[in-house]
Amino acid sequence: MVAQESDPVVDYKTLTVPVKSAVDKFDLLPAFLKVRGLVKEHIDSFNYFIDHGIHKIVEANKRLVCVHDPTLFLEYKRIYVGNPTVHVDLVEQKITPQMCRLSDRTYAAPIFVDVEFTKGNQPNKQIEQRQRMQIGQMPIMLRSSHCVLRGKDEAELAKLGECPLDPGGYFIAKGNEKVILIQEQLSKNRIIIDRDSKGRVSASVTSSTHETKSKTVFFMEKDKIYLQLNQFSKPVPIMIILKAMGIESDQEIVQMLGRDPRYGSLLLPSIQECYSEKIYTQKQALDYLDEKAGSTGAARARIRKEGEARKIIRDIFLANVPVSHGNFRPKCIYAAVMLRRMMDAILNSDTMDDKDYVGNKRLELSGQLMSLLFEDLFKTMNTHALEHVNSAYSKSNSAMLDFTSVLQRFSPITQGLERAISTGNWDLKRFKMHRKGVSQGLCRLSFIAALGHMTRISPQFEKTRKVSGPRALQPSQWGMLCPCDTPEGEACGLTKNLALMTHVTTDEEEGPIISVCQSLGVQDLASLSGEEIHSPTSFLVIFNGLILGKHKDPKRFANAMRKLRRKGKLGEFVSIFVNDQQRCVYVASDGGRVCRPLVIADEGVSRIKEHHMKELRDGVRCFNDFLRDGLIEYLDVNEENNAVISLYEHQDKDLNGEKNEVDRKSITHVEIEPFTILGVCAGLIPYPHHNQSPRNTYQCAMGKQAMGNIAYNQLFRADSLIYLLVYPQRPLLTTKSIELVGYDKLGAGQNATVAVMSYSGYDIEDAIVMNKSSLDRGFGRCITMKKYSVLKEKTDRIIRPQNEQNKQILDADGIAAPGEIIRNHDIYVNKQSPKNPRDSSALKDQVYVDSNAKYKGVEGETTVVDRVLLCSDTDDKLSIKCIIRHTRRPELSRINSREERKRSGMEKGGVGGMEEGGAKEQKGMEEE
Amino acid sequence: MSRRVPGVGVVGGAEDFLDAGGGVEDDALSPTVGDEQETEGVSYSGAYAAMGVDNSLQLDSFCKNFKVVVNKLSEDEMEFDMIGIDAALANAFRRILIAEVPTMAIEKVFFLDNTSVINDEVLAHRLGLIPLAVDPRLFDDLSENDVPNERNTLVFKLEVSCEKGGPRRTVKSDQLKWLPNGSELPMELRNPSGNQKGYTSFSCSQASLPELSKNPPRVKHGDIIISKLGPGQAIELEAHAVKGIGKTHAKWSPVSTAWYRMLPEVVLLKEVRNEDAEGLAAKCPTKVFDIEDMGKGEKRAVVVNPRACTLCRECIRGGGEDLVELRRVKDHFIFTIESAGALPPEVLFTEAVKILEGKCERVISELS
Ligand code: SF4
């Protein structure tokens, strides 16, 4: 009845209400962070390394064969990483990260291999198999796929002593938390057209394959084009290289560049030079190059090696372009494309590449760095085993002719990985990599400091460079890198931070993508003549820097590829970018690209509707469903160039009622939330758009200094220094980012009632007058906890104190009792060492001398022994850690301004006894 | 009018007096809001003698004019008007109330056990801030060399634990138990200084003292959360309260706060009629103005409740300056005392007066 009545009634009110256009997409963000976590890029890249990368490395180096006897061999069948364990008294024990932090261990899991091998001491060389042979320990990233914390809920994490808000993504080496910083680099295997330091136009490619790494540079000097390659003692005319690769006809070369006569005339001086050198054939060119091959010294010594040049051209010149069966054609085409782009740049300097453009950058993450490190160590281990077996064979020491025993006895992997992570030095001679400070101790001064540390990107350039280009804010950073969060001073603009929604890709399988491209109509270049390559009706298709072929209809090709990606048939992070200017379609699936999710809009209408959001809120839909259903996709910086992204859903009229200039039909994507262009630190600022921009930058650096809570497990940690607030509060005004990162659960700071009276008086900048009563009542009270460690050598002893001076706080076991007030000069571990450590026979009291640990504190401070931890370290020595706590209230005349502090730091340095304080303050400043 | 000028510090600089011409007294008493002289005083009473203004404090005129009117009085809070007094004196009372009227508060805490998340120092600090409902006048000060005895120390005990396997427990302030016989702890062996046996030496039980047995010492509010205990945690401690003043530490301050404000005076400079009147009345958020019917449909605004004025200046915003002037009566203070609980607010004020009296006497005796 009711329905009947209401049916004919048209509710005009609802009809005239303006269409509620904006779907609130904010809920997508927590959903996104739920599946991704705040530092997913670290974890993803490490997972990729453990699950795929490590197999590839072993696959590429799987067989070890004795040089003297091919039947004596070892072959790796499989490699896998187990669960984090530790060996205690020959027993394998499961470990948790918290155990490692407290007992100075490395959080690592065993690496196992399955092998097939023969033994030399057996006459018939039977093939033996061995499963689960351990070759070392792999440090495990927290919250990665092999970590015990994976997929645990809050209660389970609490049981393991872990903070649920901790993002993970770091390692624990010898008890210290270490982050491998994200490293910024120029793209590998891509042509970059630029001006070099001498102002010459140059085209360079940094090739990097599993086998070789090289840098190929073409440059133009005095109208002639040369190639520079380290393997040639001096620059080589480009025409000679092309001839050496088998293109003897000049006409073909010019055709490969394109029909435009301007290219021909630009190339003319180079052609002439080639003739003046009297080089007409491939043979002559190769001979000429043989002479130039080798380092400068070798060339001078006239050590000429036949075929050397051919080898260089095949393996090192443009190493990323493969040569199969001696077919140099792909390399020729690649070189021609490089030349053509170089000439374009000469004719029109707009086509020069921008090195600071984020699309030309790759971010190297912990996975890649660990992978390099592992590859190096794995190869070192194999070489060592081979050498060992070879020399044992020649000495006919048959007992030693066993690869497995050598591998097990000598494995640099555990040590090497641990050392690199704890020192941060990546010294890989094999890959010509010598980097320092790759890993850093995770900053635990505050929760935000730790988070901010995880999203930091360390710069590719030296900090000393006085250039402004790389420091400036790049428009292509939009949404990928935080525009506010960068340090002041020398690293300004070079050290950057990821934005909230950025994702960094990992490598993806290339084979399937290539075959998809081919089936979508990409023509292979092998079947085409030089002239046709640059025909004006087609675009080149370039996949990961390799020329795949050409396509007649680039728009259709790109759309088809994108459709496949949205359907999930292609990897979600594959990017398709049509470059009209270069007449190329760039397809990329390589790792290290930054990308971010965006809502797809069809002709300006967002694909996400209210019902989708309702399903999300009801929990029937998750972020990945949005991806799978083609509502959201990831765009990288390059593909963003093909998209028109609107901040909010398109409005036909703007706020003033004027017609919107942007055509709705042109819009292809809509942002999920505009504030995600900011990073974690900048996200804490309320109303950042009302601030002067450097203020936001300052706050990004200062937010990390706020004292408060560090983690839920802060009272059970044994860091060397922790600052905590006694009464931390959550801010009265929160931002969405604050809620997303959990800062409201781990507040830092207190809400203060502030009266501003700025007329006159107390007119010192950055000063406040505080109510003494509020300090009495606990405002700003803080706790510092310092760790004091004592190592008991095997020969040492810790004895029960007699009623002596300075030993009042010791327990019967000779170690300070928790809860005791500890004063200056008090002894907290009553340790004695033998006078002569080697003489352990007589254990009489006389042979021991005191070596007790004395507390050095400030006179008049009441410090308390908070906790005492006993554990055995890796060498089975007893390690005693006393955590000493001091509760402080804000004090009068703490000098807070930076200048003042610097000055006082220097002044204090002069006064005896205060030196320590001064040094510490300066150190503190460096950390900022 | 000039006789009402309270003396010691009259308001306003000399320029104001000159500018104001004939209206010296009026302006001196109620400067308009926005003038920056407010309570700024001239300390020499003869500063304006040349102008015929004698600012010296005359005892008889003060006695005649000084008035106290109590507006509100409850157990913890009092609001009263102090009329005919100088700002310097009113402020002296305020400061004495906050910092110099003594109370009892926990000063020393002896821990036997504390396994709660709150560590000893912080817990002791929290205990110190708990207001005790004890009349401090019954106790003596405990100076450095004094032995804690029944006349200067109050002892409380807190013994709580949370069962293993049970739910979490909240420790509230009413779990502090008064120990009338003093400390139950033996002196530590390590520290055998003197012949003292325990930490206090009470000659008799405090319960036998009539003032205390009538009104046994307790915490003022029983629902203050001291700490929370997880299963298996326990707190056992003894807390010793002594007499002290807020100057030493805010925990001894007998008031949450004490403050005053000057009585606002809202003056209509012109007659405000009809729409303007209604507009004015509507502007004021605290309803200071009312509309008076003048008959014949004519209305005008009148100031009915200047006391409610918060000086928010809403009425003079946007061209209201020529209609309304906001002033304050310089010798009329609306004084509020919020007691923390040791003594009722009116007693606190008389205590403050006594302390000021004592100070004055000290000065006089020093001088003579
Ligand atoms: S100042 Fe504010 S409260 Fe006072 S009369 Fe004007 S509007 Fe009303």
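Reading guide: rules and limits
- Residues numbered from 1 in each chain as written.
- Chains lettered and ligands numbered in written order.
- Predicted model: local features only at pLDDT ≥ 70, side-chain atom pairs only at ≥ 80, totals over all residues.
- Heavy atoms only, no water.
- Salt bridge = Lys/Arg side-chain N within 4 Å of Asp/Glu carboxyl O.
- Buried < 20%, exposed > 50% of the residue type's maximum accessible area, 1.4 Å probe, protein only.
- Helix = DSSP H or I, 4+ residues; strand = E, 2+ residues; numbered from the N terminus.
- Pairing = 2+ DSSP bridges.
- Polar contact = N/O pair within 3.5 Å; in protein donor to acceptor, adjacent residues only side chain to side chain.
- Contact = heavy atoms within 4.5 Å.
- Patch = residues over 30% accessible without salt bridge, like charges linked within 9 Å, V, L, I, M, F, W, Y side chains within 5 Å.
- Areas by Shrake-Rupley, 256 points an atom, 1.4 Å probe, with all protein chains shown as cover.
- Axes fitted to C-alpha atoms, helices over the stretch in contact; angles between N-to-C directions.
- Near = heavy atom within 4 Å.
- Nonpolar A, V, L, I, M, F, W, Y, C, P; charged D, E, K, R; others polar.
- Parallel < 35°, antiparallel > 145°, perpendicular 65-115°, else oblique.

**Thoughts on the pattern of salt bridges**
Inspection of the entire model under this criterion finds 68 salt bridges over all chains. Note that Arg607(A) and Asp602(A) form a salt bridge whose closest N and O atoms lie 2.9 Å from each other. For Arg607(A), a relative accessible area of 24% gives the class partly exposed. One salt bridge in this structure joins Glu79(B) and Arg307(B), with 3.7 Å as the shortest N-O distance. With Glu79(B) in strand β2 (residues 77-83) and Arg307(B) in the loop between β11 (298-303) and β12 (324-339), the pair connects residues that are 228 residues apart, well separated along the chain. Looking at Arg307(B), the relative accessible area reads 26%, which means it is partly exposed.

**Description of the sheet that holds strand β33 (residues 797-798) of chain A**
Residues and elements named next belong to chain A. Read from one edge to the other, the open sheet built from 3 strands follows the order β33-β36-β37, with strand pairing classed as antiparallel. Every interior strand has two partners, whereas the edge strands, β33 and β37 (848-850), have only one. By the bridge criterion, 3 bridges tie strand β36 (residues 831-834) to β37 in an arrangement that is antiparallel. Across the sheet, glutamine 832 pairs through a bridge with aspartate 850, a residue of β37.

**Remarks on the side chain of His249(B)**
Within the element layout of this structure, His249(B) appears in the loop between β8 (234-244) and β9 (255-268). Judged by its relative accessible area of 14%, His249(B) is buried. A distance of 3.3 Å separates a polar atom in the side chain of His249(B) from the backbone oxygen of Asp776(A). Those residues in contact with His249(B), other than ones at most four positions away along the chain, are Lys772(A), Asp776(A) and Leu129(B).

**Structural notes on a nonpolar patch on the surface**
Residues and elements named next belong to chain A. A cluster of nonpolar residues, Trp478, Leu647 and Tyr648, forms a patch on the protein surface that exposes about 340 Å² of accessible area. Relative to the assigned elements, leucine 647 resides in the loop between β29 (645-646) and β30 (669-670). Taking relative accessible area as the criterion, leucine 647 reaches 37% and is therefore assigned partly exposed.

**What to know about the sheet that holds strand β11 (residues 201-208) of chain A**
Residues and elements named next belong to chain A. Ordered in space as β10-β11-β12-β13-β14, the 5 strands form an open sheet in which the pairing is antiparallel. Looking along the sheet, the strands with just one partner apiece sit at the ends: β10 (191-195) and β14 (236-237). Across 2 bridges, the pairing between strand β13 (residues 224-228) and β14 is antiparallel. Across the sheet, tyrosine 226 pairs through a bridge with proline 237, a residue of β14. Contacts from helix α9 (residues 261-276) reach β12 (213-221), β13 and β14 within the one sheet, and its direction differs from that of β13 by about 70°.

**Some words on the site of the ligand**
In the neighbourhood of the ligand, 13 residues make up the surrounding shell, with Cys284(B), Thr286(B), Cys309(B), Cys312(B) and Cys315(B) lying closest. Here the residues of the shell around the ligand are counted per class, giving 9 nonpolar, 2 polar and 2 charged.

**Overview of unusual backbone geometry**
Not every positive phi belongs to a glycine, and Arg143(A) is a case in point at roughly 70°. You can see Arg143(A) is positioned in the loop between β6 (128-139) and α6 (154-159). The backbone phi angle of Lys287(B) is positive, close to 60°, even though this residue is not glycine. As for its placement among the helices and strands, Lys287(B) is situated in the loop between α7 (274-283) and β10 (289-295). Given the relative accessible area of 58%, Lys287(B) is considered exposed.

**Description of the packing of helix α10 (residues 282-292) of chain A against helix α12 (residues 308-315) of chain A**
Residue and element names in this part refer to chain A. Packing of α10 against α12 leaves a shortest axis separation of 7 Å and a crossing angle of 95°. One way to sum up the angle between α10 and α12 is to call them roughly perpendicular. In this structure, α10 contributes Gln282, Leu286, Leu289 and Asp290 to the contact, and α12 contributes Glu308, Ala309, Arg310 and Ile313. Split by residue class, the contact of α10 with α12 holds 4 nonpolar, 1 polar and 3 charged.

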